[in-house]
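Chain by chain, the residues:
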Amino acid sequence: MIIVGSGQAGLAVAAALITKGLQPQQDFVVIDEAPPGVRSWASRWHSMVLLSHASHSALPGLPFPGDQRRRPRADEMIEYLSDVEGDLGVKTLWGVRATGVERRGSGSVLHLSTTEGEVQTRNVVCATGAATHPRTPTWAAELQVPGVVLHSSEYLYPLQIPTDDVLIVGGGNSGVQLARELAPSHAVTLAVRTARRHQQASRYLRRQLFARGSRPEPVFGDSYEQLRDVGVSICPCSGKGGEERCHLRRRNSGNAGVRDSRDRIRPW
């Protein structure tokens, strides 16, 4: 068996296989296209925290160290997953990218194509994640601002954004986190297409287990009112004729923009 991806999902599969008696590097291997030890968490903004508590963000039998009620930071996730990899005895083959998989003929053997050549195996687990590539609206390429235009996947810290006005497009959890971080140093406007309900972070796991229908995910950090209290302007962003239009109530936000890939994942 070959597991493609050495993040949370890939290591969770590895841990489950080990509990069934399979041995890493013998019965299965884990590959990842990233450089050695560089998981996707390393590219997240530095102050990013998980929506779930530490107790609900760990693999079974491999708890997060420290306070289980805290929301771990991105750098803590990097350290935790590295520790899990070592505890499981998994030796990830870093720098190996899977490019395709196919079954030839009527047999049970799969042919996995990688940057290191073709491999034959009976099972392949794709654990590469659902948000590997940012989703950018078509109008983003036409934006012209004096400062910078960033997707949230490119944002790391406030000094990337020129001091003055900044427009964040997307009122989901990522947009709220970024607005809160930038508020002390910038004049922030948060453009919201679909207003989100606010819930305490302690209810995040319950929401994931029992959510029904297509209602937008609530915001679990600061509420919109709490953002207003620290000076963030909230404006409605409506779609018309296939184009997004943000009706700014207080000012035009001219110097920088942070775009949202999709409201329920990450804003820019």
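Everything discussed here concerns the structure shown above.
The sections below set out a description of the structure shown in this document. Because the structure is predicted, anything quoted here is derived from the model rather than measured.

Overview of the overall build of the protein
Step number 1: When helices and strands are tallied, the protein shows five helices and 13 strands.
Step number 2: Within the protein, buried positions represent 40% of all 268 residues.
Step number 3: Partitioning the contacts of the protein with sequence separation of at least 6, the portion at a separation of at least 24 is 60%.
Step number 4: Roughly 14600 Å² of accessible area belongs to the protein as shown, and the carbon and sulfur atoms make up 50% of that amount.

Examining the sheet that holds strand 3 (residues 93–94)
Step number 1: One open sheet accounts for four strands, arranged 3-2-1-7; its pairing is parallel. Sheet topology places strand 3 and strand 7 (124–126) at the edges, where each strand pairs with a single neighbour.
Step number 2: By the bridge criterion, three bridges tie strand 1 (residues 2–4) to strand 2 (residues 29–32) in an arrangement that is parallel. Each residue of the ladder has a partner; that of Val4, found in strand 2, is Ile31.

A few points about the packing of aromatic side chains
Step number 1: By the definition in use, this model includes one aromatic pair.
Step number 2: Relative to Tyr80, the ring of Phe64 has its centre 4.3 Å away and its plane inclined at 15°; by these criteria the two rings are stacked. You can see Phe64 sitting in the loop between strand 2 and helix 2 (74–88) and its partner Tyr80 sitting in helix 2, a full 16 residues away along the chain.
Step number 3: Overall, the relative accessible area of 4% leaves Phe64 in the buried class.

Observations concerning the sheet that holds strand 5 (residues 110–114)
Step number 1: Spatially, three strands are ordered 4-5-6 in an open sheet, and the strand pairing comes out antiparallel. Of all strands in the sheet, those bounded by a partner on one side alone are strand 4 (98–103) and strand 6 (117–121). Going across the sheet, the axis of each strand differs from the next one's by a mean of 20°, ignoring polarity.
Step number 2: Direction of pairing for strand 5 relative to strand 6: antiparallel, over a ladder of five bridges. Looking at strand 6, one finds that His111 is bridged to Gln120.

Concerning the nonpolar core
Step number 1: One finds Leu190, Leu227 and Val232 to be the most contacted residues of the largest nonpolar core, which totals 41 residues.
Step number 2: Looking at this core, the elements with two or more residues in it are helix 1 (8–19), helix 2, strand 9 (165–169), helix 3 (173–182), strand 10 (187–192) and helix 5 (224–229).
Step number 3: A per-element tally of this core places helix 2 first, with six residues.

Remarks on the environment of Leu22
Step number 1: Here Leu22 shows up in the loop between helix 1 and strand 2.
Step number 2: Every residue in contact with Leu22, bar those within four places of it in the chain, is listed here: Leu17, Asp27 and Phe28.

Comments concerning unusual backbone geometry
Step number 1: Phi at Gln25 is positive, roughly 70°, even though this residue is not glycine.
Step number 2: If you trace the backbone, Gln25 turns up in the loop between helix 1 and strand 2.
Step number 3: One non-glycine residue, Asp164, lies in the positive phi region at around 140°.
Step number 4: With respect to the helices, strands and loops of the structure, Asp164 is situated in the loop between strand 8 (149–151) and strand 9.
Step number 5: Residue classification places Asp164 among the partly exposed residues on the basis of a relative accessible area of 38%.

Overview of helix 2
Step number 1: Here helix 2 is 15 residues long and its end C-alpha atoms lie 21 Å apart, about the 21 Å a rise of 1.5 Å per residue gives.
Step number 2: All buried positions along helix 2 are accounted for by Ala74, Glu76, Met77, Tyr80, Leu81, Val84, Glu85 and Leu88.
Step number 3: Where helix 2 is buried, its residues touch helix 1 and strand 3.
Step number 4: Immediately beyond the C-terminal end of helix 2, within one or two residues, lies Gly89, with a positive phi of roughly 80°.

Focus: the packing of helix 1 against helix 2
Step number 1: Viewed as axis vectors pointing N to C, helix 1 and helix 2 meet at an angle of 25°, and their least axial separation amounts to 11 Å. One way to sum up the angle between helix 1 and helix 2 is to call them roughly parallel. At the point where helix 1 passes helix 2, the crossing takes the left-handed sense. Only Met77, Leu81, Val84, Glu85 and Leu88 of helix 2 make contact with helix 1, whose side of the interface consists of Gln8, Leu11, Ala14, Ala15 and Ile18.
Step number 2: Within the contact of helix 1 with helix 2, the residues separate by chemical class into eight nonpolar, one polar and one charged.

Parameters and conventions
- Every chain begins its residue count from 1, and numbering advances along the sequence as written.
- Totals for whole chains, interfaces and linings use all residues, but because this is a predicted model, local features are given only for residues with pLDDT of at least 70 and pairs of side-chain atoms are given and counted only at 80 or more.
- Side-chain measures were taken over the full set of non-hydrogen atoms in the model, leaving aside hydrogen atoms and water.
- A run of H or I in DSSP counts as a helix once it spans at least four residues, and a run of E counts as a strand once it spans at least two, with each numbered from the N terminus.
- The buried label goes to any residue with under 20% of its type's maximum accessible area, the exposed label to any with over 50%, and the partly exposed label to all in between, with areas taken from a 1.4 Å probe on protein chains only.
- The contact criterion used throughout is that any non-hydrogen atoms of two residues lie within 4.5 Å.
- In short, Shrake-Rupley with a 1.4 Å probe defines the accessible areas, and a residue's cover is counted only from the protein chains shown.
- The pairing criterion for strands is at least two bridges between them, as found by DSSP.
- A pair of aromatic rings is counted whenever rings of Phe, Tyr or Trp (Trp by its six-membered ring) have centres within 6.5 Å, and the orientation is called stacked for planes under 30 degrees apart, edge-to-face for over 60 and tilted otherwise.
- Orientation is described by axes fitted as lines to C-alpha atoms, over the contacting stretch for helices, and by angles from 0 to 180 degrees between their N-to-C directions.
- Grouping buried Ala, Val, Leu, Ile, Met, Phe, Trp, Tyr and Cys residues that are joined through side-chain atoms within 4.5 Å yields what is termed a nonpolar core.
- Residue count minus one, scaled by 1.5 Å, sets the expected span of a helix.
- Here roughly perpendicular refers to angles of 65 to 115 degrees, roughly parallel to angles under 35, roughly antiparallel to angles over 145, and oblique to all remaining angles.
- Helix crossings get a hand from a simple test, with the near helix turned counterclockwise from the far one by less than a right angle marking a left-handed crossing and a clockwise turn marking a right-handed one.
- Ten residues, namely Ala, Val, Leu, Ile, Met, Phe, Trp, Tyr, Cys and Pro, are considered nonpolar, four, namely Asp, Glu, Lys and Arg, are considered charged, and the remaining ones, Gly among them, are considered polar.

In short, geometric facts, not functional conclusions.
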